[in-house]
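Observations on chain architecture
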Amino acid sequence: MKVQTLPPTDGNYNLQDYEEAKQNFDWSEIEKQFSWHETGKVNMAYEAIDRHAENPDKQNQVALHYLDGSRKEEYTFADMKKYTNKAANVMKEAGIQKGDRVFIFMSRSPELYFALLGAIKVGAIVGPLFEAFMEGAVRDRLEDSEAKALVTTPQLVERVPFDDLPNLETVFIHGGVDDEKGGFLDFDARLQQAGSDFEPEWVDREDGLILHYTSGSTGKPKGVYHVHNAMIQHYQTAKWVLDLKDGDVYWCTADPGWVTGTSYGIFGPWLAGVTNVVRGGRFSAQDWYDTLDRYNVSVWYSAPTAFRMLMSAGDELMKDYDLSSLRHILSVGEPLNPEVVRWGEKAFNLRIHDTWWMTETGAMMICNYPAMTIKAGSMGKPIPGVYGAIVDDQGNELPPNRMGNLAIKPTWPSMMRAIWNRKEKFDSYFELNGWYVSGDSAYMDEDGYFWFQGRVDDVIMTAGERVGPFEVESKLVEHPAVGEAGVIGKPDPVRGEIIKAFVALREGYEPSDELKEEIQSFVKKELAGHVAPKEIEFRKSLPKTRSGKIMRRVLKAWELDLPTGDLSTMED
Ligand code: PRX
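Residues numbered from 1 in each chain as written. Predicted model: local features only at pLDDT ≥ 70, side-chain atom pairs only at ≥ 80, totals over all residues.

Right, let's get into the UniProt feature "domain: AMP-dependent synthetase/ligase" (unreviewed entry) in the chain. Feature annotation in UniProt assigns "domain: AMP-dependent synthetase/ligase" (unreviewed entry) to the following positions: residues 58–418. From the first C-alpha to the last, residues 58–418 spans 36 Å; its make-up is 28% helix and 24% strand. (UniProt positions renumbered as here; feature names shortened; annotations may be inferred. Helix = DSSP H or I, 4+ residues; strand = E, 2+ residues; numbered from the N terminus.)

Okay, structure coming up:
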């Protein structure tokens, strides 16, 4: 196996000696650094915000720089304590209690962060939703979680199908309500009036913190359930891997609708007490370089698709910005091509550090540390306290350089504790001899570095987002013209994969470009723009097993001009 090895980064880092840390590591030592170590009672929002607000050396430090269009604001840790307390009071007054599910469906704004942390202070379980979700996607998540409250905006509230959601009692509107009635409350007015003191609900370390819905290859999105105890790993990886130190200005580009935007857009950086940058709006190369320059960002966490888009925007543009504050760049979500690592070296004079983890793992698992020699294209090594391996389909560990299932030995502090309401789904992750099986295939080289090879299942990764083909197929067949649909990921140079749908039309419908567009916008309107197939191909029929399951593997082989493999289970 040929790999390109880059020389080690130098500098003063927290994890100098990986091998030693790996031998002598104990999570309970990390826990001792938190205030709840003695009492056993904990609250994530207290540890992330109030702890710093009560520290005279920290309270006036900027915790949040926010920028979107003309709205440019900053909040110190003391401010953040005040506003998250106010949000907690607003929720408590509206009857929100420990364990209630409070969903947040809005674009990035300071109020999103107040609401999310305020809900956590009350002891509620928060459920962040990506603003691009349309009615069907919103319904699935609020229905499954039996959400009691929602924080949203006048624009997005129209996508909430209230008639289908009997448990949803309270809707907080940020951005204006004419008249408070029928459970619709004016979040901003209430925030202003609310008291700024609040005693956080002291919960157990195993009490619920957050639900992130994510896709598998079958069934509807599943609610991945995390508890407060996860903070131990958020904090430790923020130090080891993000390498956060006092004085850092940190920017995570992910939206809190995805796990990266909460674990490392909220929890990690604030547990580590650094200044956090949030930039709203869509991707634009200018705006992104502007953000790095304007705030003197020192640590930057983003995704391969974004790096590739910056790469294609050209190096000329960069010259207008001063990026000299940057000292550490990281990536997550999809394979980080060696080409992008090399571009990063040239463009920033820094190596982009890949990290691997999943919604289910809650925090980083396999990483490139600042002090480690990077092999461009490898995800790195498991963090101390995590045992990763490659196992065969019986759960036996494989030797180096053999491809197999990327698996982790349970357990670790931030591991999901359940799939909401679906025990059998949760159990299915551990069917191979008790290993947590990721669904990724990979190999480990003789130096212990892990190399991603692909997904074992049909899950699609497009622009770093995980899309379940089943969800898209189910929506497609709701369109009156669609008889059958099979959805695959098609390799794409910028987005990693794009979504391609094969569609067999019902009797009486003829293929046409107009129909393609109509079907695309149907999925867009119902689910979300990023899950709508970019390409649709009409076929007379689709390859199916005798039991009627669409064979996506065959569709993929057709698409890529590969051998179709064993077709013995295919119907005639
Ligand atoms: O296939 C792997 C891919 O993203 C999946 C997890 O997706 P999600 O739960 O949405 O979480 C993404 C952010 C934590 C994995 O099963 N993935 C994640 N990181 C990498 C990756 N693929 C290759 N390289 C990575 N560094």
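There is more to say after this.
The next point concerns unusual backbone geometry. Note the cis peptide between Pro410 and Thr411, where omega equals 5°. For Thr411, the position within the fold is in the loop between strand 20 (404–408) and strand 21 (418–419). At Asn296, a position not held by glycine, the phi torsion is positive, near 55°. Mapping Asn296 onto the fold places it in the loop between helix 11 (285–294) and strand 14 (299–302). With 15 C-beta atoms counted inside 10 Å, the residue Asn296 sits in the partly exposed group. (Buried ≥ 20, exposed ≤ 12 C-beta atoms within 10 Å, placed from the backbone.)

What follows covers the confidence of the model for the chain. Here the chain shows a mean pLDDT of 92. Residues at 70 or above account for 96%. Contacts from residues 1–13, a stretch scored under 50 in pLDDT, to residues over four places away or in other chains number 24 contacts. With a pTM of 0.91, the predicted complex shows an ipTM of 0.99. (pLDDT = per-residue confidence, 0-100. Contact = placed C-beta atoms within 7 Å.)

Take the environment of His226 next. Position of His226 among the secondary structure elements: in strand 11 (residues 222–227). Among the residues examined, His226 registers 29 C-beta atoms within 10 Å and is labelled buried. Each C-alpha atom of the pair His226 and Lys525 lies 30 Å from the other, and the pair is 299 residues apart in sequence. Other than its neighbours up to four places away in sequence, His226 contacts Leu209, Ile210, Gly362, Ser414, Met416 and Arg417.

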